[in-house]
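Coordinate inspection notes
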Amino acid sequence: MTDILPAFEQGRHLLSVSQFTRENLKRLFDVADAVDPIAKRQAVCTALDGAMLGSLFFEPSTRTRLSFESAFQRLGGEVTTTTGFTFSSMAKGESIADTSRVVSGYSDVLVVRHPDEGSVAQFADASVVPVINAGDGAGEHPSQALLDVYTLEKELSLRDKVVDGSHLAIIGDLKFGRTVHSLMKLMSLYHHLTFTVFSPPGLELPSSIEQYVTQRGHHVHVVDNVVEAVHGVDVIYATRVQRERMTEELDQAGTRGDLLNWSILAEADNLDAILMHPLPRDSRPDAFDLSNDVDDLPGLAIFHQTDNGINVRMAIFLTTLGVSIEAVHLTTKQRSWKATLRP
């Protein structure tokens, strides 16, 4: 996937965060803010009445798939979906190109997740409608990065801070963690950032990502101790170990115990840091992930990220389908049913 792609706008595929400028990122976030009452189910919208989403997930997903599908339905659209290779004609040997051309003929937009890096770009090449990358192997996960940065802006704002000039710790599986790759590239649109990164041996940040960030004027510090990594930072972004992409030998290399827990944060004197994670979080013993003993800390933002994913993905659909906020307002009404408990 190249860094030279058309800007993300009406009728365009969303394949990489490199399609964004600071300006069109702000426009997308403004749309995400505007649809907040719909995202929170305080209002009902039919702006996408008659539109069809083709949801193609050839790799396991809970949050991303349900978030995209929920976002489309909250705008009044319909969803047709398939999950896994077993239940698609690709199990019979059908090519990506044939699958994409056929399914795009049934849809107005496609959301695709596939285990092979670069595969979603192949879907886009053959599709007759816009394609949204929901994760391509160890490549990119642009919508996750968008909702992460959207959340980060809001969390820092609550502390009277901004993203520009902030200091972030990025910890965990930085080799196979596509969310990290997209996040750091997208954040490079901001100014004067410092990234301190920590990973187990063999799971280091790819040099291409480090170069992408440093060439845009930011600082990347690599450390070999998690306490050092999280000391003094504004934000901690933790990722699980992507064991499904690892060899058995690599899986044994320093990936047991907790990646981050209350005691580590206390030792680093940073119990009030903003804590982020793309989820899923592996809560099994010795999974080397973010411990649930941090869940009562004031900076925990992992569930704010999942909630904000609805807003951001609604904004993605409205952008690529060319629906204005004015049209959204005209097709929105107050709900007539009683709400369940909701933040």
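Note that the coordinates shown come from a computational prediction; the quantities given were computed from them, not determined experimentally. (Residues numbered from 1 in each chain as written. Predicted model: local features only at pLDDT ≥ 70, side-chain atom pairs only at ≥ 80, totals over all residues. Heavy atoms only, no water.)

In terms of nonpolar packing, the biggest core is built from 63 residues, with Leu-146, Ile-170, Met-184, Met-187, Phe-195 and Phe-317 touching the most fellow members. Grouped together as the second largest cluster of nonpolar side chains are 28 residues, Ile-171, Phe-176, Val-227 and Ala-229 included. (Core = buried A, V, L, I, M, F, W, Y, C linked by side-chain atoms within 4.5 Å. Buried < 20%, exposed > 50% of the residue type's maximum accessible area, 1.4 Å probe, protein only.)

Packing of helix α1 (residues 22-34) against helix α6 (residues 142-157) brings their axes to within 11 Å, and their N-to-C directions diverge by 75 degrees. On the basis of the axis angle, α1 is roughly perpendicular to α6. In contact with Leu-25, Leu-28, Phe-29, Ala-32 and Asp-33 of α1, α6 contributes Leu-146, Val-149, Tyr-150, Glu-153 and Lys-154. By residue class, the composition of the contact of α1 with α6 is seven nonpolar, no polar and three charged. (Axes fitted to C-alpha atoms, helices over the stretch in contact; angles between N-to-C directions. Helix = DSSP H or I, 4+ residues; strand = E, 2+ residues; numbered from the N terminus. Parallel < 35°, antiparallel > 145°, perpendicular 65-115°, else oblique. Contact = heavy atoms within 4.5 Å. Nonpolar A, V, L, I, M, F, W, Y, C, P; charged D, E, K, R; others polar.)

Here the structure, examined in full by the defined rule, presents twelve salt bridges. In this structure, Asp-234 engages Lys-161 in a salt bridge whose closest nitrogen and oxygen atoms are separated by 3.0 Å. Remark: Lys-161 occurs in the loop between α6 and β6 (167-171) and Asp-234 occurs in the loop between α9 (226-230) and β9 (235-238); sequence separation between them is 73 residues. (Salt bridge = Lys/Arg side-chain N within 4 Å of Asp/Glu carboxyl O.)

Here the focus is the sheet that holds strand β8 (residues 219-222). Spatially, β8-β7-β6-β9-β10 is the arrangement adopted by the five strands of the open sheet, whose pairing is parallel. Since the sheet does not close on itself, it has two edges, and those belong to β8 and β10 (274-276), each with one partner. Looking at each pair of strands side by side, their axes are set apart by 20 degrees on average, direction ignored. Here strand β7 (residues 194-198) runs beside β8; their pairing, made up of four bridges, is parallel. Within β8, the residue paired with Val-197 across the bridge is Val-222. Set on the sheet, helix α7 (residues 178-187) makes contact with β6, β7, β8 and β9; between it and β6 the angle comes to about 165 degrees. (Pairing = 2+ DSSP bridges.)

With that settled, the discussion passes to helix α8 (residues 207-214). For α8, the set of buried residues is Ile-209, Tyr-212 and Val-213. Down the axis of α8, the buried set is contained in an arc of 95 degrees. They therefore lie on one face. The inward-facing, buried residues of α8 abut α7, β7 and β8. (Arc of directions from axis to C-beta.)

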